[in-house]
Amino acid sequence: MSAVVTEGAEAVPTNVSDAVTGPQEPGAVIPGAGPSNRPGERATVRLRETGPEEPPRYAPEWLELREPADADARAHDLLDPLRIRLANLPGKAGLVIHDLGCGTGSMGRWLAPRLDGAQHWILHDRDPYLLHFAAVASPRSAADGSRVTVETRRGDVARLTPDALRGASLVTASALLDVLTREEIETLADACTGAGCPALLTLSVAGRVELTPSHPMDAEIAEAFNAHQRRDGLLGPDSVTVACEAFSERGATVRLHPSAWRLGPAESQLTAQWLRGWVGAAVEQRPDLAARAERYLQDRLAACEAGELHVVVHHSDLLALSRPTGSAA
């Protein structure tokens, strides 16, 4: 595979690391790890028409940095019921999988090699740059050696309908539910259950963080961060509960499983970025915390650099098995 794929006049790197043009400024937060500088920016799937095109929120280097922790955290226990459901689908044409807010394609790289049979992945994201990475770095073979193919679409969760998912075998998403509103989650549930399509929705924030050793400000920062996650009608740590209700009310069988990040000395780079973003969001929500939070952050970063800090960031994975319909492939 060549080093770059040319798209128009712009050469786009095919490796995420090649996209990083230089070292981050001291104390800088990689976009996606924490709050942006532009209030009102949303996640990488465009959720609704809001006027002028928004700049991307997630930098590819943040998604690359978190990918190993995501892979370790994902709930393997949900795979067997998913495999059983997919094995019982009618037809032999292979699986069609829609990955919403795919970013650089980490879900496909994790899941495709764990499922048997030919697979066609339809990768949705609002950022064409990230779609580029996802396409070129996608896996080429399934667990049994069957072929995996991909296509990309700039997507809008709010416009998903059962017809848009006609022929789909599975819908997947990572770290998406918590940046949706109740209406958007209901739209997603309507689309999946209306198409009789199962959904594997992973790594949604649970609102709980454990830091060892503890610090007197841990709970205060966590509370402010969770409030930040709920701004502007977003559900943040309430999203999994709302999604369970939405899918269950539409006849789906819902399974939940924890999927926590467990960060120690080996993940210090990710921990440091996460800390900056976590504290930054808390201060954006509560500016009165700024002076104390800065001291707190420096203490935590020093412990991280010394290999003395361990962090558990709780997430939840959700598998919704909708009742099959004639439209499921």
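Since the structure is predicted, the reported quantities are computational estimates derived from the model, not experimental observations.

A. Representation of the side chain of Ser106 within the structure. Positionally, Ser106 belongs in helix H3 (residues 106-111). A polar atom in the side chain of Ser106 sits 3.4 Å from the side chain of Arg74. If near-sequence neighbours (up to four positions away) are discounted, Ser106 is found in contact with Glu67 and Arg74.

B. Highlighting the packing of helix H5 (residues 182-194) against helix H7 (residues 239-249). Put simply, H5 and H7 touch, their axes get as near as 9 Å, and they point 40° apart. Of the possible angle classes, the one that applies to H5 and H7 is oblique. For the pair H5 and H7, the crossing hand works out as right-handed. Of the residues in H7, those touching H5 at Arg182, Ile185, Glu186, Leu188, Ala189, Cys192 and Thr193 are Ser239, Val242, Ala243, Glu245, Ala246 and Phe247. Residues belonging to the contact of H5 with H7 are distributed by class as follows: eight nonpolar, two polar and three charged.

C. Structural context of the packing of helix H1 (residues 60-73) against helix H8 (residues 268-285). Two elements in contact, H1 and H8, have axes whose closest approach is 10 Å; the angle formed by their N-to-C orientations is 120°. It follows from the interaxial angle that H1 and H8 lie oblique. Pair H1 / H8 crosses with left-handed handedness. Taken together, the residues of H8 that come into contact with H1 (itself represented by Trp62, Leu65, Arg66 and Ala69) are Gln269, Leu270, Gln273 and Trp274. Grouping the constituent residues of the contact of H1 with H8 by class yields five nonpolar, two polar and one charged.

D. Inspection of the pairing of strand E5 (residues 148-153) at higher detail. Of the strand pairs in this sheet, strand E4 (residues 119-124) and E5 are connected by six bridges, and their pairing is parallel. Considered in E5, the bridge of Leu123 is made with Thr152. This β-α-β element, E4 to helix H4 (residues 128-136) to E5, shows right-handed connectivity.

About the cut-offs
Residues numbered from 1 in each chain as written. Predicted model: local features only at pLDDT ≥ 70, side-chain atom pairs only at ≥ 80, totals over all residues. Heavy atoms only, no water. Helix = DSSP H or I, 4+ residues; strand = E, 2+ residues; numbered from the N terminus. Polar contact = N/O pair within 3.5 Å; in protein donor to acceptor, adjacent residues only side chain to side chain. Contact = heavy atoms within 4.5 Å. Axes fitted to C-alpha atoms, helices over the stretch in contact; angles between N-to-C directions. Parallel < 35°, antiparallel > 145°, perpendicular 65-115°, else oblique. Left-handed = near helix turned anticlockwise from the far one by under 90°. Nonpolar A, V, L, I, M, F, W, Y, C, P; charged D, E, K, R; others polar. Pairing = 2+ DSSP bridges. Right-handed = clockwise from strand over helix to strand, strands pointing away.

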